[in-house]
Amino acid sequence: MDRIGRPLLLAALALTLVAGAFAAWAGWSWYGAAHDDTAAYATARDDALEAGEQAVQNLNTLDHKDLAHGLDLWESSTTGELHSQLTGGRSAFEKQVREARTVSTAKVLDGALTELDERAGRARVMVALRVTVTASGGKSSQKDSRMLGELTRTDGHWKLSALGQAPVGDSATTD
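Let us look at the structure shown here. All values reported here derive from a predicted model rather than from experimental measurement.

Mapping Thr78 onto the fold places it in the loop between α3 (67-76) and α4 (80-88). Within the structure, the side chain of Thr78 is placed 3.1 Å from the side chain of His83, a separation counted as a polar contact. Leaving out residues up to four positions away in the same chain, Thr78 has contacts with Leu59, His83, Leu86, Lys159 and Leu160.

This is the structure:
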């Protein structure tokens, strides 16, 4: 071989080795990403949060003129003990809302999943929302609140199984 041929051959061989190493690394990285549980967990987290926010909004929205639909939505958003409480007290609650002739609408301001156990099908959510209540005379009032909810996965869907007010401010007492 001549003086120019040998360095070119060595350079080509080096480039081939580098390209082969890069291809092996890229293949390994792709395989790892394709089989990583992180993406599936992120999807489950997003699904639970979205369902939680929607369910909390549903349970804080009710129109006396379309009461049956609103209460059906409440029931379809819940499961477990919360669902039992809603269905058991439905007729008495319907009577109260019809007499009060109120309309409440909720808007989710923000939400966060505070816990997710995908295997057990349980999650916890905190939702900040603004509820507007319009009385029969047309006067409206707004209230911002934070709700804590527990979600349970049933038949592949997340539903609220418990809901309550989140504590606001310093709840510790001093003597």
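This part takes up a nonpolar patch on the surface. There is a patch of nonpolar side chains on the surface, built from Leu10, Leu13 and Leu17 and spanning about 320 Å² of accessible area. Locating Leu13 in the fold gives a position in helix α1 (residues 5-34).

The strand order β1-β2-β3-β4-β5 describes an open sheet built from five strands, whose pairing is antiparallel. The sheet is open, and its two edges are formed by β1 (62-63) and β5 (157-165), each paired on a single side. In terms of strand pairing, strand β4 (residues 140-154) meets β5 through eight bridges, oriented antiparallel. Pairing of Thr154 across the sheet is with His157, part of β5.

Further remarks concern unusual backbone geometry. Phi at Arg101 is positive, roughly 55°, even though this residue is not glycine. Summarising the element assignment, Arg101 is placed in the loop between α5 (90-100) and β2 (103-117). By relative accessible area, which is 46% here, Arg101 ends up partly exposed. The phi dihedral of Asp155 is positive, around 50°, even though this residue is not glycine. Looking at the element boundaries, Asp155 is found in the loop between β4 and β5. Overall, the relative accessible area of 78% leaves Asp155 in the exposed class.

What counts and how
Residues numbered from 1 in each chain as written. Predicted model: local features only at pLDDT ≥ 70, side-chain atom pairs only at ≥ 80, totals over all residues. Heavy atoms only, no water. Helix = DSSP H or I, 4+ residues; strand = E, 2+ residues; numbered from the N terminus. Polar contact = N/O pair within 3.5 Å; in protein donor to acceptor, adjacent residues only side chain to side chain. Contact = heavy atoms within 4.5 Å. Patch = residues over 30% accessible without salt bridge, like charges linked within 9 Å, V, L, I, M, F, W, Y side chains within 5 Å. Areas by Shrake-Rupley, 256 points an atom, 1.4 Å probe, with all protein chains shown as cover. Salt bridge = Lys/Arg side-chain N within 4 Å of Asp/Glu carboxyl O. Pairing = 2+ DSSP bridges. Buried < 20%, exposed > 50% of the residue type's maximum accessible area, 1.4 Å probe, protein only.

Keep in mind these numbers describe shape, not what the thing actually does.
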